[in-house]
Amino acid sequence: MAKDVKVSPLATSFDYELYDGDPDHLRTVVAATTPSGPCIDPASIKLRHRIGRGYFGDVWSATHHQSATDYDENHEVAIKMLHPINEDQVKAFLSKFEELWVNLKSKQLQGVCWLHGISVISGKICIAMRSYEGSVGDKIARLKGGKLQLLDVLRYGIELAKGIQELHSMNVLVLNLKPTNFLLNEHDEVFLGDFGIPYLLLGVQPPDSDLALRLGTPNYMAPEQWEPEVRGPISCETDAWGFGCSIIEMLSGVQPWFGKSVQDIYRSVVINQEKPQLPSGLPTAIENVLNGCFEYDLRNRPLMVDILQTFESSQNAVYSEGEWSDIGGTLSVDKTKTSGFTTWYLSKDLLQVGDTIRSRKLLNSGKSQELAVLEGNVVGLEKDTDRDGFVLVRVPNLPSPLRVNTSTIERVTCGLAAGDWVCLVNETKQHSSLGVLHSVQRDGNASVAFLGLETLWTGHSSEVQKVVPYFLGQFVQLKSNVETPRFEWPQKRGGRWATGRILQILPNGCLVVQFPGRMMFGGEPNTFLANPDEVIQVSFDTCPSIIEKYQHLEDFHWAIRPLSVAFSLFTAVKLGVSVGKCIKSKLKDPKNCQTSGDGRTQDGEIGGKSAWLRPNLANILFKEGAASATAR
């Protein structure tokens, strides 16, 4: 395996103190001439001992030997030795790493660990990086109580958010944020020790099926990380969840979901949609942004720029006042949900003069927030920096602009707005054809989440077209031509597909469907996932026949059928009693029976006497059958 890796010599790196204006605050950087490539000769690496173990591999202390005509050096490095992957996928991983390497070296990111390069040793990919003094996780373990000071947490959080934001600008997701991956140097400066290894491993299958790779460490994973193709996509907001979990651990000294098994964490995070518990006594702004990090719908989470702004404003307030106090409303911004949105969601696309707008629809609903549907153009901004302010909108047929709250309107570009249901003009079988638009830029570039894709699809708005959306509360049923659905779907008697109600719509358009018409026993599940491509909407009005209307009525509640059966039995009994009373009255009053020419009555009697009713049956029905029998 190692012979297949092309080895390129690396220039030596060195540390030095960079004077940055203030002699009391020097920052340490690592500088080197631009290397020709990331690959390292495996013979130049000498493994010493293992210092850590994680979900993606082991960490070793090692020595990296470099020599040339004018120098001969040994560098103390840390080696991340990844779990084995299929041999045919090694080159693909190395190609991804080289692209990341070039970007990291060209931008000289200060908040990300320094990389020496990559090699393949004994068939395992080994990433060589600078050796640091320790990690934030180690610091937590050494402290009594395991809690860091709030000022230290804010300081670390600011530096980490800057590094994560830089990686996001390079379209790299970290996906493995945790205190043990936050490395510290001798000056207590923090660096990201993971630069997106789970993201580089995306789509890579291990040779052993029992060693299935996860996209992160379970205690810090967002709901969409567990099943990115189904509950995804993974995005920049995914890292917000891991960041929030790490901050909670730094503040409390306790790992989120500590003591729970992987299956229990999955059930808590994905199925029950539980959130990690926040420590009490936090500043309002910090509490709000951390709560936002744990929104189940990733679109409602803050971006790193929002987190960074909140942490910086809170840190400045502490330094200026010496205690947590709201200064000019800076620390008390309410980021709670309004009409299904958080203001983190609403603030992701600032309006500009000239934008076309329309009334914002409620999340996963067909109704607008206001009764009147507003359409127009933005002609003025009340505050350039206020994300929750007002704008002036020019509406056709109105003499003067309207003053409108930005939370009630949304930008429309190329006829599309974030949240619209779309499909690709050129269909593909690689994923669902229906998806949810996550963003559309003013230049027409769009990103769409599709069921079956782990990441966002990116392209131009001309490649997608708007389709009829699905809403919460709609009843859906599998299409008649679907024989083997993507997900399990319950059946009714006779083998017919059951009809269910949409309980939740995931960010990629995957439907969570509940079946209120099924009677449940024990721990049997009553909610199932559905591919929007495979279902059709069902309503009482669209059912063509009385039988189908009744069947649809049964789907509203499991008690409909038992009630209808009980009502039918009650009706049959009442009808039988009514007919019995009618016959009884005729037997008592012979005048009501007309006699035919042969002496027989039209009721089958001879001479007005009962010739057809058995005494015991008459006794049962009318309690006077015995008298009739003796008369006969």
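Our structure is the block above this text.
Residues numbered from 1 in each chain as written. Predicted model: local features only at pLDDT ≥ 70, side-chain atom pairs only at ≥ 80, totals over all residues. Heavy atoms only, no water.

## Section: the overall build of the protein
- When helices and strands are counted, the protein shows 15 helices and 27 strands.
- A burial count over the protein gives 46% of its 632 residues as buried.
- Relative to all contacts within the protein whose residues are 6 or more apart in sequence, the contacts with residues 24 or more apart total 58%.
- Split by element, the accessible area of the protein, about 32600 Å² in all, is 52% carbon and sulfur. (Helix = DSSP H or I, 4+ residues; strand = E, 2+ residues; numbered from the N terminus. Buried < 20%, exposed > 50% of the residue type's maximum accessible area, 1.4 Å probe, protein only. Contact = heavy atoms within 4.5 Å. Areas by Shrake-Rupley, 256 points an atom, 1.4 Å probe, with all protein chains shown as cover.)

## Focus on the side chain of Arg301
- Structurally, Arg301 can be placed in the loop between helix 9 (284-293) and helix 10 (304-321).
- Overall, Arg301 belongs to the buried group, its relative accessible area being 0%.
- Only 3.2 Å separates the side chain of Arg301 from the backbone oxygen of Glu237, close enough to count as a polar contact.
- Not counting the four nearest positions on each side in its chain, Arg301 is found in contact with Ala222, Pro223, Glu224, Glu237, Thr238, Trp241, Gly292, Cys293, Glu295, Tyr296, Trp344 and Lys348. (Polar contact = N/O pair within 3.5 Å; in protein donor to acceptor, adjacent residues only side chain to side chain.)

## Remarks on the sheet that holds strand 26 (residues 527-530)
- Spatially, five strands are ordered 26-25-24-23-27 in an open sheet, and the strand pairing comes out antiparallel. The open sheet has two edge strands with one neighbour each: strand 26 and strand 27 (535-538). Neighbour-to-neighbour, the strand axes of the sheet open up by a mean angle of 45°, direction not taken into account.
- Direction of pairing for strand 24 (residues 499-505) relative to strand 25 (residues 511-514): antiparallel, over a ladder of four bridges. Bridged to Arg501 within strand 25 is Gln514. (Pairing = 2+ DSSP bridges. Axes fitted to C-alpha atoms, helices over the stretch in contact; angles between N-to-C directions.)

## Regarding a nonpolar patch on the surface
- Where nonpolar side chains cluster on the molecular surface, the patch consists of Leu575, Val579 and Ile583 and spans about 250 Å² of accessible area.
- Within the secondary structure, Leu575 sits in helix 13 (residues 560-588).
- Residue classification places Leu575 among the exposed residues on the basis of a relative accessible area of 56%. (Patch = residues over 30% accessible without salt bridge, like charges linked within 9 Å, V, L, I, M, F, W, Y side chains within 5 Å. Salt bridge = Lys/Arg side-chain N within 4 Å of Asp/Glu carboxyl O.)

## Side note on the side chain of Glu237
- When you line up the elements, Glu237 lands in helix 7 (residues 236-252).
- At a separation of 2.8 Å, a polar atom in the side chain of Glu237 contacts the side chain of Ser235.
- Ignoring sequence-local partners within four residues, the contact set of Glu237 consists of Leu298, Arg301, Pro302, Leu303 and Lys348.

## Regarding the packing of aromatic side chains
- Tallied over the full model, the rule gives ten aromatic pairs.
- Centroid distance Trp226 to Tyr266: 5.6 Å. Interplanar angle 70°. Geometry classified as edge-to-face. Remark: Tyr266 occurs in helix 8 (residues 262-271) and Trp226 occurs in helix 5 (residues 223-226); sequence separation between them is 40 residues.
- Taking relative accessible area as the criterion, Trp226 reaches 16% and is therefore assigned buried.
- Tyr266 gets classed as partly exposed once you look at its relative accessible area, which sits at 24%.
- Between Phe341 and Tyr345, the ring centres sit 4.9 Å apart and the planes meet at 40°, which makes this aromatic pair tilted.
- The buried category is assigned to Tyr345, whose relative accessible area is 13%.
- Taken together, Trp489, Phe515 and Phe528 form an aromatic cluster joined through their ring pairs.
- Positioned above the aromatic ring of Phe341, the side-chain terminus of Arg360 is 5.4 Å from the ring centre. (Phe/Tyr/Trp six-rings, centres within 6.5 Å; stacked < 30°, edge-to-face > 60°. Lys NZ or Arg CZ within 6 Å of the ring centre and 35° of its normal.)

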